[in-house]
Amino acid sequence: MDLGIKGKNAIVCAASKGLGKGCAMALAREGVNVVITARTKDVLEKTAAEIRAAAPGVTVTAVAGDITTPEGRAAALAACPNPDILVNNAGGPPPGDFRNWTRDDWIKAVDANMITPIELIKSTVDGMMGRGWGRIINITSSSVKAPIEVLGLSNGARSGLTGFVAGLARKTVRKGVTINNLLPGPFDTDRLRGTAAANAKAQGKTVDEIMAANMKLNPSGRFGTPEEFGAVCAFMCSQHMGYVTGQNWLMDGGGYPGTH
């Protein structure tokens, strides 16, 4: 299937590894020029080289910086002032007990996982509407549909973004701009493995034992891969998604037991 996005320009946030990298790689393979951001320059540059090798002919620009800061957002927008596609992504806040979280912890979580994507949308959506075409994807979390008790910071901040998008998406679609959220469940990423390592240490088990046990908890019997996540993201950015907006697409291997 031709996704109809060859020659488009995209900003993909937090794209040096994991799900962001999967999205950037999939878009580039469809002929999209990508600006990728992340905080760690050497890892980001390595990823940029991998994408260039996998998708010859597209322009891949690496912009190192913290996308949750005004300076980081300005640098990304300077590299791609008129994106056709925006993929919002940021690392999730840490787990814990809400009794231990300070006001600063809440502000940091909301700033990274709600205000940052809203600021990037604000900087790009009017240009997209003026050109008559645009795709905005917010990578949030399955916890938006099924809150996870220890991830209260993420539950709250990402749910706030979800509510904001639900209203805005109905206003932009008439001008050819769709805004949707992509909700990952358990995916085989460094973050998931880091959590498994911490659990393994606490329980006196190996990381592989923890990973295997967690996979058995999912109906699919496995974790998702960044590659398949990226493929879905690329389709959501395609010309075929012009009639879908304000939706929450869940990718969790069937872990969520509900029907809506």
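To be clear, the structure that these remarks concern was listed above.
Residues numbered from 1 in each chain as written. Predicted model: local features only at pLDDT ≥ 70, side-chain atom pairs only at ≥ 80, totals over all residues. Heavy atoms only, no water.

Describing the packing of aromatic side chains
Here comes step 1: Counted by the stated rule, this structure contains two aromatic pairs.
Here comes step 2: Their ring planes at 90° and their centres at 5.6 Å tell us that Trp101 and Trp106 sit as a pair that is edge-to-face.
Here comes step 3: In this structure Trp106 comes out as partly exposed when scored by relative accessible area, which is 33%.
Here comes step 4: Judged by centre distance (5.3 Å) and plane angle (80°), the rings of Phe187 and Phe229 are edge-to-face. (Phe/Tyr/Trp six-rings, centres within 6.5 Å; stacked < 30°, edge-to-face > 60°. Buried < 20%, exposed > 50% of the residue type's maximum accessible area, 1.4 Å probe, protein only.)

Comments concerning the nonpolar core
Here comes step 1: The biggest cluster of nonpolar side chains holds 36 residues, and the ones touching the most others in it are Leu27, Val34, Ile36, Ile85, Val87 and Phe229.
Here comes step 2: Counting only elements with at least two residues in this core, the list comes to strand 1 (9–12), helix 1 (18–29), strand 2 (33–38), helix 2 (41–54), strand 4 (85–88), strand 5 (134–139) and helix 8 (226–236).
Here comes step 3: When sequence neighbours within four positions are dropped, the list of residues in contact with Ile36 reads Val12, Ala15, Ala24, Leu44, Thr47, Ala48, Ile51, Val60, Thr61, Ala62 and Val63. (Core = buried A, V, L, I, M, F, W, Y, C linked by side-chain atoms within 4.5 Å. Helix = DSSP H or I, 4+ residues; strand = E, 2+ residues; numbered from the N terminus. Contact = heavy atoms within 4.5 Å.)

Description of the side chain of Thr245
Here comes step 1: You can see Thr245 is positioned in the loop between helix 8 and strand 7 (248–251).
Here comes step 2: Take Thr245: its relative accessible area is 13%, and that puts it in the buried class.
Here comes step 3: With sequence-adjacent residues up to four places away left out, Thr245 is seen in contact with Ala169, Arg170, Val173, Val177, Thr178, Ile179 and Asn180.

Let's talk about the layout of surface pockets
Here comes step 1: Its volume calculated, the second largest pocket comes out at about 160 Å³.
Here comes step 2: Looking at the lining of the second largest pocket, the elements that each hand over two or more residues are helix 1 and helix 8.
Here comes step 3: Of all the elements, helix 1 adds the most residues to the lining of the second largest pocket, at six residues. (1 Å grid on protein atoms, 1.4 Å probe; cavity = no way out; pocket = protein on both sides within 12 Å on 5 of 7 lines; lining within 4 Å. Points joined across faces, edges and corners; volume = space filled by probe spheres on them.)

What to know about empty space enclosed by the protein
Here comes step 1: Using the criterion set out here, one finds one cavity of 30 Å³ or more in the structure.
Here comes step 2: Estimated volume of the largest cavity: approximately 80 Å³.
Here comes step 3: Every residue along the wall of the largest cavity is listed here: Asn88, Asn89, Ala90, Ala112, Asn113, Thr116, Pro117, Leu120, Ile139, Thr140, Arg158 and Leu161.
Here comes step 4: Secondary-structure elements contributing two or more residues to the lining of the largest cavity are helix 4 (103–131) and helix 5 (152–172).
Here comes step 5: Of the residues forming the lining of the largest cavity, the biggest block, five residues, is contributed by helix 4.
Here comes step 6: Taken together, the residues that form the lining of the largest cavity break down as six nonpolar, five polar and one charged. (Nonpolar A, V, L, I, M, F, W, Y, C, P; charged D, E, K, R; others polar.)

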